[in-house]
Amino acid sequence: MQTETTPKTEVNAMLEVTAAQMKELERKANETGLSYEDMMENAGQAAARILLEQLPGLRTAAVVCGKGNNGGDGFALACILAEQSIPCTVFQVSERLSEDGKFYHDKALEQGVPMVAFTGKEDLLGYDILVDSLLGTGFHGQVRGLYRQAIQAINQAKAYVVSVDINSGMNGDTGKGELMVKSNLTVT
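Residues numbered from 1 in each chain as written. Predicted model: local features only at pLDDT ≥ 70, side-chain atom pairs only at ≥ 80, totals over all residues. Heavy atoms only, no water.

S.K.: So what's going on with the overall build of the protein? Residues and values would help.
M.R.: Across its full length, the protein carries five helices and six strands. Secondary structure elements of the protein occur, N-terminal to C-terminal, as α-α-β-α-β-α-β-β-α-β-β. By the compact-globule yardstick of 16 Å for 188 residues, the protein fits well, its C-alpha radius of gyration being 18 Å. If you line up the protein on its principal axes, its C-alpha atoms span 70 × 35 × 35 Å. (Helix = DSSP H or I, 4+ residues; strand = E, 2+ residues; numbered from the N terminus. Rg over C-alpha atoms; globule rule 2.2 N^0.38 Å.)

Here's what the structure looks like:
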């Protein structure tokens, strides 16, 4: 018996969603059993995989984390890098954390990941890689305070810069922003 096969074709379609739609998709995923902690773990795993594939000689990393779930993605990544024995320092822009972000913050502390409170005076030079986990897809408006200083410090550093989910400072609906992280790579 002979069967006819149809050749597979690769489709590179891009689905565009608004920031509000993304938030709703995450909420629905959480309701159906994919927790926000699981989503952060997935984001951290994806970023780690890309980093290790594209920068096999990675020696030192700094992750700059905000207070929300995007910061939680960064804390999750820091945990994974620690498990891979890659020296990693977390610069924390806020002491306040989302409930889900705090889970990975605490886990990173348990693993001995150094945590440094970002005050605006830190020098981010000397790292092979800087990871931007400051502001997520729901950000809009102008970047202010320590977040502004953190973005400026990242942009002035000479490291390879990776943004998690979106470049901090960018409006997720328009792709624009008055001040944004200039990354070499964005992992979504």
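S.K.: Could you give me a rundown of the sheet that holds strand E3 (residues 115–117), with the residues and numbers involved?
M.R.: Here we have six strands laid out as an open sheet, ordered E3-E2-E1-E4-E5-E6, and parallel in their pairing. Sheet topology places E3 and strand E6 (185–187) at the edges, where each strand pairs with a single neighbour. Neighbouring strand axes in the sheet, compared pairwise and without regard to direction, differ in orientation by 25 degrees on average. Pairing analysis gives three bridges linking strand E5 (residues 160–164) to E6, with the strands arranged parallel. Counterpart to Val 162 in the pairing with E6 is Leu 185. (Pairing = 2+ DSSP bridges. Axes fitted to C-alpha atoms, helices over the stretch in contact; angles between N-to-C directions.)

S.K.: Pulling in residues and values, what's your account of the environment of Val 131?
M.R.: In this structure, Val 131 sits in strand E4 (residues 129–133). Taking the C-alpha atoms as reference points, Val 131 and Leu 77, separated by 54 residues in sequence, lie 9.1 Å from one another. Contact partners of Val 131, with chain neighbours within four places excluded, come to Leu 51, Ala 62, Val 63, Val 64, Leu 77, Val 162 and Val 164. (Contact = heavy atoms within 4.5 Å.)

S.K.: Go over the pattern of salt bridges, please, and point to the residues and values.
M.R.: Inspection of the entire model under this criterion finds six salt bridges. One salt bridge connects Lys 102 with Asp 106, and the closest N-O pair in it is separated by 2.9 Å. Note that Lys 102 and Asp 106 are positioned in helix H4 (residues 99–110) at a spacing of four residues, about one turn of the helix. The partly exposed category is assigned to Lys 102, whose relative accessible area is 41%. Using a relative accessible area of 27% as the deciding quantity, one classes Asp 106 as partly exposed. (Salt bridge = Lys/Arg side-chain N within 4 Å of Asp/Glu carboxyl O. Buried < 20%, exposed > 50% of the residue type's maximum accessible area, 1.4 Å probe, protein only.)

S.K.: Would you mind going over the packing of aromatic side chains in detail, with residue names and values included?
M.R.: Across all of its chains, the model carries two aromatic pairs by this definition. Centre to centre, the rings of Phe 91 and Tyr 127 are 6.1 Å apart; their planes meet at 90 degrees, and the pair counts as edge-to-face. Here Phe 91 is found in strand E2 (residues 88–92), whereas its partner Tyr 127 is found in the loop between E3 and E4, with 36 residues between them in sequence. The burial state of Phe 91 is the same as that of Tyr 127; both residues are buried. (Phe/Tyr/Trp six-rings, centres within 6.5 Å; stacked < 30°, edge-to-face > 60°.)

S.K.: Can you lay out the packing of helix H2 (residues 36–54) against helix H3 (residues 69–83) for me, pointing to particular residues and giving the numbers?
M.R.: One way to put it is that H2 packs onto H3 with a least axis distance of 8 Å and a crossing angle of 55 degrees. Considered as vectors, H2 and H3 are oriented oblique to each other. The handedness of the crossing between H2 and H3 comes out as right-handed. Here H2 contributes Tyr 36, Met 39, Met 40, Glu 41, Ala 43, Gly 44, Gln 45, Ala 47, Ala 48 and Leu 51 to the contact with H3, which in turn contributes Asn 69, Gly 72, Asp 73, Ala 76, Leu 77 and Ile 80. Counted by class, the contact of H2 with H3 contains 10 nonpolar, four polar and two charged residues. (Parallel < 35°, antiparallel > 145°, perpendicular 65-115°, else oblique. Left-handed = near helix turned anticlockwise from the far one by under 90°. Nonpolar A, V, L, I, M, F, W, Y, C, P; charged D, E, K, R; others polar.)

S.K.: Could you give an account of helix H5 (residues 145–156), with specific residues and numbers?
M.R.: Taking 1.5 Å per residue, 12 residues should reach 16 Å; H5 reaches 17 Å between its end C-alpha atoms and fits that length. As for H5, its buried residues are in contact with strand E1 (61–65), E4 and E5. (Expected span 1.5 Å × (residues − 1).)

S.K.: Could you give an account of the nonpolar core, naming the residues involved and the relevant values?
M.R.: Within soluble globular proteins, side chains that are nonpolar tend to cluster in buried spots. Grouped together as the largest cluster of nonpolar side chains are 29 residues, with contacts concentrated most on Val 63, Leu 77, Val 90, Ile 129 and Val 131. Those elements giving two or more residues to this core turn out to be H2, E1, H3, E2, H4, E4 and E5. Residues contacting Val 90, with those up to four places away along its chain left out, are Val 63, Cys 65, Phe 75, Ala 78, Val 113, Pro 114, Met 115 and Val 116. Val 64, Tyr 127, Val 143 and Ala 153 belong to the second-largest nonpolar core, a separate cluster that totals 22 residues. (Core = buried A, V, L, I, M, F, W, Y, C linked by side-chain atoms within 4.5 Å.)

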